[in-house]
Amino acid sequence: MTGIDAMVHAIEAYTSRLRKNPLSDNLAREALQLLGGNIHTAVHRGGDRDARGAMLLGACLAGQAFANAPVAAVHALAYPLGGHYHLPHGLTNSLVLPAVLEFNMPTAWELYAELAAIVAPAAQGSGEARAAALVQALRELIAAIGLPATLQQAGVAEQDLELLARDAMQQQRLLVNNPREVGHDDALAIYRAAWGAL
Ligand SMILES: [Zn+2]
């Protein structure tokens, strides 16, 4: 869970609307390389010190990236899940990550295509296709490390999605950094997609 959170720090820093900058970009790319390349081993062979060390360094670099290019809608929509359901921070990020990236596609696909070269290097085709491959690779990674794929699987009640969307709107400090503007109805649609996505 914390490994996915660190990857989200790198991804959101790289697409941060207000403070994206070359230093954070380089930190985020290096972080994603380390995190994406080692999270599977770190989870399934916890005694692998090289993999664990790479995760530590990747998490540190991702933290430095988002300290200067703040995180955005993934975190804004994750917080209410932690508040109401007491789910761990990394899990809440993981649960909304694919749906938020899909929502951001119209404005962020070029940047996601750049990150696909790191996380899904075999991806080919148009920029949009490579951006979609990034999201697919993240979905597969989340499944491969054993995390629940949907809000439904994590025990979130469908009738709470409206409450979650209202609370997410309070996170303007983070939402202003999102590459695409997020309104209440958008947040609700993202939660619905995250709730039932297979
Ligand atoms: Zn986080």
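What comes next is a walk through the structure. Since the structure is predicted, the reported quantities are computational estimates derived from the model, not experimental observations.

What counts and what doesn't
Position labels on residues start from 1 in each chain and follow its written sequence. Only residues with pLDDT of at least 70 get local features here, since the model is predicted, and only at 80 or more are side-chain atom pairs given and counted; chain-wide, interface and lining totals rely on the full set of residues. Under the scheme used here, helices are H or I runs from DSSP no shorter than 4 residues and strands are E runs no shorter than 2 residues, and both carry numbers assigned from the N terminus. Taken over C-alpha atoms, the radius of gyration is set against a globule rule of 2.2 Å times the number of residues to the power 0.38. In this scheme every C-beta is placed from the backbone, and a residue whose C-beta has 20 or more other C-beta atoms within 10 Å is buried, one with 12 or fewer is exposed, and one in between is partly exposed. Helices are assigned an expected span. That span is 1.5 Å times one less than the residue count. Bending is quantified residue by residue as the angle between axes fitted to the seven-residue window ending at that residue and the seven-residue window starting at it. Here contacts are defined at the residue level, using C-beta atoms placed from the backbone and a cut-off of 7 Å between them. By our criterion, buried Ala, Val, Leu, Ile, Met, Phe, Trp, Tyr and Cys residues that link up through C-beta atoms within 7 Å make up a nonpolar core. What counts as an axis is a line fitted to C-alpha atoms, over the stretch in contact for a helix, and the angles between N-to-C directions run from 0 to 180 degrees. With the far helix as reference, a near helix turned anticlockwise by less than a right angle produces a left-handed crossing, and one turned clockwise produces a right-handed crossing. In this count, Pro and Cys sit with the nonpolar residues alongside Ala, Val, Leu, Ile, Met, Phe, Trp and Tyr, while Asp, Glu, Lys and Arg are called charged and the others, Gly among them, polar.

### Digging into the overall build of the chain
Stage number 1. If you tally the helices and strands in the chain, you get nine helices and zero strands.
Stage number 2. Starting at the N terminus, the α and β elements of the chain follow one another as α-α-α-α-α-α-α-α-α.
Stage number 3. Computed over C-alpha atoms, the radius of gyration of the chain comes to 16 Å, within 12% of the 16 Å expected from 2.2 N^0.38 for 198 residues, which places it in the range of a compact globule.
Stage number 4. In terms of overall dimensions, the chain has C-alpha extents of about 45 × 35 × 35 Å along its principal axes.
Stage number 5. The proportion of buried residues among the 198 residues of the chain is 49%.

### What to know about helix α2 (residues 22-44)
Stage number 1. Its 23 residues give α2 an end-to-end C-alpha distance of 34 Å, which sits within 8% of 33 Å, the value for a rise of 1.5 Å per residue.
Stage number 2. The largest bend in α2 comes to about 45°, at asparagine 38.
Stage number 3. Residues of α2 that are buried include every one of Ser24, Leu27, Ala28, Ala31, Leu32, Leu34, Leu35, Gly36, Asn38, Ile39 and Ala42, and no others.
Stage number 4. For α2, the secondary structure elements touched by its buried residues are α1 (2-14), α3 (49-68), α5 (89-119) and α6 (127-144).

### Thoughts on the nonpolar core
If you look at soluble globular proteins, the nonpolar side chains tend to sit buried side by side.
Stage number 1. Counting residues in hydrophobic clusters, the biggest one holds 73 residues, and the most contacted among them are Ala10, Ala31 and Leu77.
Stage number 2. Ranked by residue count, the leading element in this core is α5, at 17 residues.
Stage number 3. Once residues lying within four places of it in the same chain are set aside, the contact partners of alanine 31 are Ala6, Ala10, Gly58, Leu61, Ala62 and Ala65.

### Focus: the packing of α1 against α3
Stage number 1. Between α1 and α3, the least distance of the axes is 8 Å, while the angle of their chain directions is 35°. Crossing angle aside, the handedness with which α1 passes α3 is left-handed. For the pair formed by α1 and α3, the contact residues are Gly3, Ala6, His9, Ala10, Glu12 and Ala13 on the first element and Met55, Gly58, Ala59, Ala62, Gly63, Ala65 and Phe66 on the second.
Stage number 2. Class assignment for the residues of the contact of α1 with α3 results in eight nonpolar, four polar and one charged.

None of this, on its own, says anything about what the molecule does.
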